[in-house]
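Each chain, written out:
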Amino acid sequence: RDPAWSTDAGTKAIQSLITEKPDLMVIHNPDIQSYARLLKQAQAAGIKIVQINLESNTTTDSYVGADWTEIGRKAAEAIVEKCDTGKGISTKVAIDTGVPTAASDVFQLDGIYKVLNEHPDIQVVSQQATEYNPEKARSIMATVLQQHPDLCGAIGIWDNQDTGTASAIKEAGKSDQVFLVTSGGGNKVGCENVEKGLFNLYISYNVPLQGDLLNQEIARLLMSEGTAGEVQTMYFNPLTLITKDNVNDRNCWTLDDLK
């Protein structure tokens, strides 16, 4: 059941499923709170639950997806390497988030600031939410570059929105100056943006592998005699750091390839 990014529609779908009492539910959370109470209700009703790629505040039988905190750490470490004192044109950095209450934002920012707090010379001159909208990301970055023409680095939460961030950097003629880090599922388009020099570092969490892990977890939980919520597990799929030096077809995928 596809709520089409509507939290209300997703809530109604989960409520309906709890009444129907399936053996297992796979849930993709829009944020960390909206479905949390319903997931507790479903577990109490004996329904096993796998959360996929975006977590909630409720821990269930299984989570399969990206380790957002680690992605944030790796992104910040790359920025520090390029923009710490004496390394870049300045120590100024911008951060583009998506939706502040989403797990990808909450945990990725936690990882980012765990690193940046150890490097106090790094200045975060902008942190704004794009709502995953590339055009809004482009507009935000264009304004940031007007206010801070010596910007050294930028961290984006998701590669799709960050095509807009990259466009603003290119339009300002600063592709060689601003080091842009983003993350995504490893789609071919993301890799092409690395090849074009639009993304300097692309942290891939490999969506096809995530799908394989999800299928294995579904099978494991359905065959398990344990009760819902008896054991909680987390499976983080491996991360690949893609740059111009290692971008290739093996690291990237298209929907046609998967079909």
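Quick note: structure is the one above.
So, how was this worked out
Residues numbered from 1 in each chain as written. Predicted model: local features only at pLDDT ≥ 70, side-chain atom pairs only at ≥ 80, totals over all residues. Heavy atoms only, no water. Helix = DSSP H or I, 4+ residues; strand = E, 2+ residues; numbered from the N terminus. Expected span 1.5 Å × (residues − 1). Contact = heavy atoms within 4.5 Å. Polar contact = N/O pair within 3.5 Å; in protein donor to acceptor, adjacent residues only side chain to side chain. Buried < 20%, exposed > 50% of the residue type's maximum accessible area, 1.4 Å probe, protein only. Pairing = 2+ DSSP bridges. Axes fitted to C-alpha atoms, helices over the stretch in contact; angles between N-to-C directions. 1 Å grid on protein atoms, 1.4 Å probe; cavity = no way out; pocket = protein on both sides within 12 Å on 5 of 7 lines; lining within 4 Å. Points joined across faces, edges and corners; volume = space filled by probe spheres on them. Nonpolar A, V, L, I, M, F, W, Y, C, P; charged D, E, K, R; others polar. Disulfide = S-S within 2.5 Å. Parallel < 35°, antiparallel > 145°, perpendicular 65-115°, else oblique. Left-handed = near helix turned anticlockwise from the far one by under 90°.

1. Observations concerning helix α8 (residues 207-223)
Then, number 1: For α8, built from 17 residues, the straight-helix expectation of 24 Å at 1.5 Å per residue is met to within 8% by its first-to-last C-alpha distance of 24 Å.
Then, number 2: The inward-facing, buried residues of α8 abut β1 (24-27), β2 (48-52), β3 (62-65) and β9 (233-236).
Then, number 3: Between the side-chain oxygen at the start of α8 and the backbone nitrogen of Leu209 there is a gap of 3.0 Å, and the oxygen is on Asn206.

2. Quick notes on helix α6 (residues 159-171)
Then, number 1: With 13 residues, α6 ought to run about 18 Å at 1.5 Å a step, and its terminal C-alpha atoms sit 18 Å apart, in line with that.
Then, number 2: The set of residues buried in α6 consists of Asp159, Gln161, Asp162, Gly164, Thr165, Ala166, Ala168 and Ile169.
Then, number 3: Where α6 is buried, its residues touch β4 (92-97), α5 (134-147), β6 (153-156), β7 (179-184), α7 (188-195) and β8 (201-204).
Then, number 4: Phi turns positive one or two residues past the end of α6, at Gly173, with a value near 70°.

3. A look at the sheet that holds β6
Then, number 1: A sheet is described by the order of its strands in space; here 6 strands give the open sequence β5-β4-β6-β7-β8-β10, paired in mixed fashion. Each having just a single partner strand, β5 (123-129) and β10 (240-242) make up the two edges of the open sheet. Averaged over all pairs of adjacent strands, the angle between strand axes in this sheet comes to 15°, irrespective of strand direction.
Then, number 2: Of the strand pairs in this sheet, β4 and β6 are connected by 4 bridges, and their pairing is parallel. Within β6, the residue paired with Val93 across the bridge is Gly153.
Then, number 3: Here helix α3 (residues 68-83) sits on the sheet and contacts β4, β6, β7, β8 and β10; the angle it forms with β7, its principal contact strand, is near 165°.

4. Digging into the layout of surface pockets
Then, number 1: If you add up the space inside the largest pocket, you get close to 820 Å³.
Then, number 2: Every residue lining the largest pocket is counted, 28 residues in all, and those nearest its centre are Trp5, His28, Asn53, Trp158 and Tyr205.
Then, number 3: Contributing elements (two or more residues each) for the lining of the largest pocket: α6, α7 and α8.
Then, number 4: Ranked by residue count, the leading element in the lining of the largest pocket is α8, at 4 residues.
Then, number 5: The class makeup of the residues in the lining of the largest pocket is 15 nonpolar, 12 polar and 1 charged.
Then, number 6: Quantified by volume, the second largest pocket comes out at close to 330 Å³.

5. Quick look at the state of the cysteines
Then, number 1: For the structure shown, the criterion picks out 2 disulfides.
Then, number 2: Paired by a disulfide, Cys83 and Cys152 hold their sulfur atoms 2.1 Å apart. Its torsion about the S-S bond being -90°, the disulfide of Cys83 and Cys152 is classed as left-handed. On the criterion of sequence distance, the pair formed by Cys83 in helix α3 and Cys152 in the loop between α5 and β6 is long-range, its members being 69 residues apart. One exposure class covers both Cys83 and Cys152, and it is buried.

6. Comments concerning the sheet that holds β3
Then, number 1: Strand order in the open sheet formed by 4 strands is β1-β2-β3-β9, with parallel pairing between adjacent strands. At either end of the open sheet lies a strand with only one pairing partner, and these are β1 and β9. Here the average twist between neighbouring strands, direction ignored, is 15°.
Then, number 2: Pairing between β1 and β2: 4 bridges, direction parallel. Across the sheet, residue Met25 finds its bridge partner in β2, namely Ile49.

7. Overview of the packing of α3 against helix α4 (residues 103-116)
Then, number 1: Running from amino to carboxyl end, α3 crosses α4 at an angle of 40°, the nearest separation of the two axes being 7 Å. The orientation of α3 with respect to α4, classified from their angle, is oblique. Regarding α3 and α4, the two cross each other, and that crossing is right-handed. Contact with α3, carried on its side by Trp68, Thr69, Ile71, Gly72, Arg73, Ala76, Glu77 and Val80, involves Ala103, Ser104, Phe107, Gln108, Asp110, Gly111, Ile112, Lys114, Val115 and Leu116 of α4 and no other residues of that element.
Then, number 2: Looking at the contact of α3 with α4 residue by residue, the classes come out as 9 nonpolar, 5 polar and 4 charged.

Function-wise, these values are silent; they only describe arrangement.
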